[in-house]
Amino acid sequence: MARGTMHAPKPDEQRRRRNAPTHGETVLPRDEEVRGPELAELTGGRAFGPETEAWFETWRRSPQAAAFEATDWLRLATLAPMVDAYWRRPSAAALSEIRMNEERLGATVVDRMRARMRIEDADDAAPAPVLRLADRADLRARLASGG
């Protein structure tokens, strides 16, 4: 049933609106290339915690970064202080603002579907690695060692 009504939705061929999407699909490469400027370059050398640095580096390596313009990188740089503050003192309000901004950049699979973005995998490519950290000390050690 359609949301908010008492009847089932019409079949596609009976719908009044059959508009094609207003823009095509954007295909993004999963190539693990580092893109965009460094966070320190965008923020005038401001120091951030290791969690925020890792967050920004994740965006630089994401397939979405292939489509980023200067304004997208500035949005991430503007968001970095809030991410840093969130790691120091988590709050629902900060997380909500971070989530909303990341949504606009295609952070989750649903966000990318709405934006008509598709990540293209090579036939022989392995799935994207998942970084699992036991605690912040482990994250700091990994960042310090460069791996």
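Above this note sits the structure.
Attention in this report is confined to the structure presented alongside it. (Residues numbered from 1 in each chain as written. Predicted model: local features only at pLDDT ≥ 70, side-chain atom pairs only at ≥ 80, totals over all residues. Heavy atoms only, no water.)

### Thoughts on unusual backbone geometry
Although it is not a glycine, glutamate 32 sits at a positive phi angle of roughly 60°. Looking at the element boundaries, glutamate 32 is found in the loop between strand E1 (26–29) and helix H1 (39–42). Within the chain, arginine 116 stands out as a residue other than glycine whose phi angle is a positive 60°. Inspection of the secondary structure assignment puts arginine 116 in the loop between helix H5 (109–114) and strand E2 (117–120). By relative accessible area, which is 33% here, arginine 116 ends up partly exposed. (Helix = DSSP H or I, 4+ residues; strand = E, 2+ residues; numbered from the N terminus. Buried < 20%, exposed > 50% of the residue type's maximum accessible area, 1.4 Å probe, protein only.)

### Section: a nonpolar patch on the surface
On the surface, Val109, Val110 and Met113 cluster together into a nonpolar patch covering about 290 Å² of accessible area. Checked against the element boundaries, methionine 113 lands in helix H5. (Patch = residues over 30% accessible without salt bridge, like charges linked within 9 Å, V, L, I, M, F, W, Y side chains within 5 Å. Areas by Shrake-Rupley, 256 points an atom, 1.4 Å probe, with all protein chains shown as cover. Salt bridge = Lys/Arg side-chain N within 4 Å of Asp/Glu carboxyl O.)

### Overview of the packing of aromatic side chains
Counting across every chain of the model gives five aromatic pairs. With a centroid separation of 5.0 Å and 75° between ring planes, the pair formed by phenylalanine 68 and tryptophan 73 is classed as edge-to-face. Comparing phenylalanine 68 with tryptophan 73 shows no difference in burial state: the two are buried. Ring geometry for tyrosine 86 and tryptophan 87: centres 6.3 Å apart, planes at 70°, overall edge-to-face. Among the residues examined, tryptophan 87 registers a relative accessible area of 34% and is labelled partly exposed. Site record: aromatic cluster; members linked through ring pairs are Trp55, Phe56, Trp59, Phe68 and Trp73. (Phe/Tyr/Trp six-rings, centres within 6.5 Å; stacked < 30°, edge-to-face > 60°.)

### Quick notes on the packing of helix H2 (residues 50–61) against helix H3 (residues 70–88)
With their axes 9 Å apart at the nearest point, H2 and H3 run at an angle of 150° to one another. Taken together, the axes of H2 and H3 lie roughly antiparallel to each other. In this structure, H2 crosses over H3, and the sense of that crossing is right-handed. Taking contact as the criterion, the partners of Glu51, Thr52, Trp55, Phe56, Trp59 and Arg60 in H2 are, on H3, Trp73, Leu76, Leu79, Ala80, Val83, Asp84 and Trp87. Considered class by class, the residues forming the contact of H2 with H3 number nine nonpolar, one polar and three charged. (Axes fitted to C-alpha atoms, helices over the stretch in contact; angles between N-to-C directions. Parallel < 35°, antiparallel > 145°, perpendicular 65-115°, else oblique. Left-handed = near helix turned anticlockwise from the far one by under 90°. Contact = heavy atoms within 4.5 Å. Nonpolar A, V, L, I, M, F, W, Y, C, P; charged D, E, K, R; others polar.)

### Quick look at the pattern of salt bridges
Scanning the entire structure with this criterion turns up ten salt bridges. In this structure, the salt-bridge partner of arginine 118 is glutamate 25, at a minimum N-O distance of 2.9 Å. Of the two residues, arginine 118 is situated in strand E2 and glutamate 25 in the segment before E1; the sequence distance between them amounts to 93 residues. On the basis of relative accessible area, arginine 118 is assigned to the partly exposed category, the value being 36%. Note that arginine 99 is salt-bridged to glutamate 103, the shortest N-O span being 2.8 Å. Of the two residues, arginine 99 and glutamate 103 are both situated in helix H4 (residues 92–104); the distance of four residues between them amounts to about one turn of the helix.

By themselves these figures say nothing about function.
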